[in-house]
Amino acid sequence: MMGATETKAIHLDPRTELLLLVIANIVAFTYSARWIEFAVIGVLALLLLCCGCGRTAIKWVIVFVGLVAIQYYVIPILPKILVIMFSILTVYVRKLFPCLMIGALILKTTPVRFLIIALRKWHVPQKLIIPLSITLRYFPAIKEENRHIRDAMKLRKIKGLERKLECMVVPLLMSAAGTADELSAAAITRGIENPVPKTCIVDLRFHIQDYVCLLVGCVFIVAANIAH
Amino acid sequence: MDRNLNKLQVKDLVTIGIFSAIYFVINLIVMVSGGITPLLWIFMPPILSVLCGVIYMLLVAKVQKTGAVLVMGLITGLIYVATGQFTLVLLVTFGLACIVAELIRKATGYNSFKGNLLGYAFFSLGMVGSPLPIWLFRDSFSEQMVSQGMPADYVATMNAVTPMWVLIVMVVATFLLAFVGGLIGKALLKKHFEKAGMV
């Protein structure tokens, strides 16, 4: 985890990142001023940069600028029916941007086990933590599974939407059921059912950067409400 | 061990987690295509209620215990909120829909096909929360679009394609198509999973 390449980057507490996600949600749905939106994106890009995800930050900023450009330069010259289509797309996707950026930050910098520890510190019930972490962990597996199924379908020359859907979903669910058995066996072997409080080797606590991030987030909430 | 039989074990929790992931991915695929045309987005709940019947049916067949549907709904709702989709409305509708579905499952004893079908119909209604803000916050939504540089008549056109009756049609369609989805799910279960001895 603490590899040599990561020594320069700032590490945030997972709890800070989750709180930032909530803050971003609040800000995204209260702001009315355009400059706040741009400021949020700018600050988040900076945060990504500081956390060692410079390339991701640049990618998001470019897509965002592209969307804004489409909205102000392309949409006015489009026919009306296309305008309705694209305006929902641009307005909504732009609203999602802050949350998506923080989501990318969490995925890039925080392993699932850190997230679990953070949630445990918030006393989220174990019954929710286990399936939630499994869900997050299983997304990449679905992608891989999907590739195998596609290959198999090509080999058998399966045609037709209905048949294709069936041939897609059934093996996916089959393997999911199998994986569920294996994963739970593995987890039980490692003592997940042990009722005593879990200990952990990672020491999670808030540092100065966490407080700074949360402070900036609060400033944005206040600013968004004033501008509103 | 016996008194814990109706409580969710680790194996059940893992199963729920994995099925939630699949459910969410199918949601996401439909939603991304919904970005292309808003009409598809508005009618996302009915489309999903047809597609996801098999997932729900397999889940309730595998985990015949209290809470399976509720946990799946909560996780899906939480991930939606975390990715910034459409405020907390979705989490609330999902929560309510799942509680109703749980009550129906409890009343019908977890094992009855009719009960599960009805439960699924209510569970599907949870997705209505996704396009609901269009109607719920219509004024502020329109205002915002105008302030973000949309000419007012465009916003008026957008409001014109989403009158109140579209919402009602959407809700009713979701509910009815859930039965179709549930039946498809049951048929697939019979065709593939029961034969393989998995249910």
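Just so it is clear, the model here is predicted, and its values are computed rather than measured.

Chemist: Before we go on, may I ask you to explain the packing of aromatic side chains in this structure?
Modeler: The relation between two aromatic rings is expressed through the spacing of the ring centres and the mutual angle of the planes. Residues and elements named next belong to chain B. Summed over the entire model, instances satisfying the criterion amount to 13 aromatic pairs over all chains. Taking 5.2 Å as the distance between ring centres and 75 degrees as the angle between the ring planes, the aromatic pair formed by Phe 122 and Phe 175 counts as edge-to-face. Residue Phe 122 is found in helix H7 (residues 113-125), and its partner Phe 175 is found in helix H11 (residues 164-193); the two are separated by 53 residues along the sequence. Since its relative accessible area comes to 23%, Phe 175 is described here as partly exposed. Members of the aromatic cluster, joined through ring pairs, are Tyr 23, Tyr 56, Phe 94, Tyr 120 and Phe 123.

Chemist: Could you clarify how one ought to interpret the side chain of Arg 105 of chain B in this entry?
Modeler: In this fold, Arg 105 of chain B is placed in helix H6 (residues 89-108). Excluding anything up to four places from it in sequence, Arg 105 of chain B contacts Tyr 56, Val 60, Val 63, Gln 64, Lys 65, Gly 67, Ala 68, Val 69, Tyr 110 and Asn 116 of chain B.

Chemist: Can you walk me through the packing of helix H4 (residues 53-62) of chain B against H7 of chain B in this structure?
Modeler: The angle between the axes and the distance between the axes are what describe a pair of packed helices. Residue and element names in this part refer to chain B. The contact between H4 and H7 brings their axes to 11 Å, and the two run at 130 degrees. By the angle between their directions, the pair H4 and H7 is classed as oblique. Between H4 and H7 lies a crossing of right-handed hand. Residue-level contacts link Gly 53, Tyr 56, Met 57 and Val 60 of H4 to Phe 113, Asn 116, Leu 117, Gly 119, Tyr 120 and Phe 123 of H7. Class assignment of the residues belonging to the contact of H4 with H7 gives a composition of seven nonpolar, three polar and no charged.

Chemist: For this particular structure, what's the right way to read empty space enclosed by the protein?
Modeler: Space left empty within the atom packing is revealed by a probe, the size of a water molecule, rolled over the atoms. Residue and element names in this part refer to chain A. A complete count under the given rule lists one cavity of 30 Å³ or more for this structure. Taken together, Val 112, Leu 115, Ile 116, Leu 119, Ile 129, Leu 132, Ser 133 and Leu 136 make up the lining of the largest cavity. Where the lining of the largest cavity is concerned, the elements lending two or more residues are helix H5 (112-121) and helix H6 (126-156).

What counts and what doesn't
- Numbers given to residues run from 1 along each chain, matching the order in which its sequence is written.
- Key to labels: chains lettered from A, ligands numbered from 1, both in the order written.
- For this predicted model, a pLDDT threshold of at least 70 governs which residues receive local features, and a threshold of 80 or more governs which side-chain atom pairs are given and counted, while totals over whole chains, interfaces and linings are taken from all residues.
- Hydrogen atoms and water are omitted, and side-chain values are computed over all heavy atoms in the structure.
- Between rings of Phe, Tyr and Trp, where Trp is taken as its six-membered ring, a pair exists when centres lie within 6.5 Å; planes separated by under 30 degrees are stacked, by over 60 edge-to-face, and by other angles tilted.
- Each helix is a run of DSSP H or I of at least 4 residues and each strand a run of E of at least 2, with the numbering of both proceeding from the N terminus.
- Relative accessibility thresholds used throughout: buried, under 20% of the residue-type maximum; exposed, over 50%; partly exposed, between the two (1.4 Å probe, protein chains only).
- Contacts between residues were defined by any pair of non-hydrogen atoms, one from each residue, lying within 4.5 Å.
- Only the contacting stretch of a helix is used when fitting its axis, a line to C-alpha atoms as for every element, and angles between N-to-C directions run 0 to 180 degrees.
- For classification purposes, angles smaller than 35 degrees are called roughly parallel, those larger than 145 roughly antiparallel, those between 65 and 115 roughly perpendicular, and all remaining angles oblique.
- Handedness of each helix crossing follows the sense of rotation of the near helix against the far helix: counterclockwise by less than a right angle gives left-handed, clockwise gives right-handed.
- Polarity classes work like this: nonpolar for Ala, Val, Leu, Ile, Met, Phe, Trp, Tyr, Cys and Pro, charged for Asp, Glu, Lys and Arg, and polar for all others, with Gly in that last group.
- Method remark: on a 1 Å grid restricted to protein atoms, a set of points is classed as a cavity if a 1.4 Å probe fits but cannot get out and as a pocket if it is open with protein on both sides within 12 Å along at least five of seven lines; lining residues have an atom within 4 Å of a point.
- Grid points are joined across faces, edges and corners, and a volume is the space filled by probe spheres set on the points.

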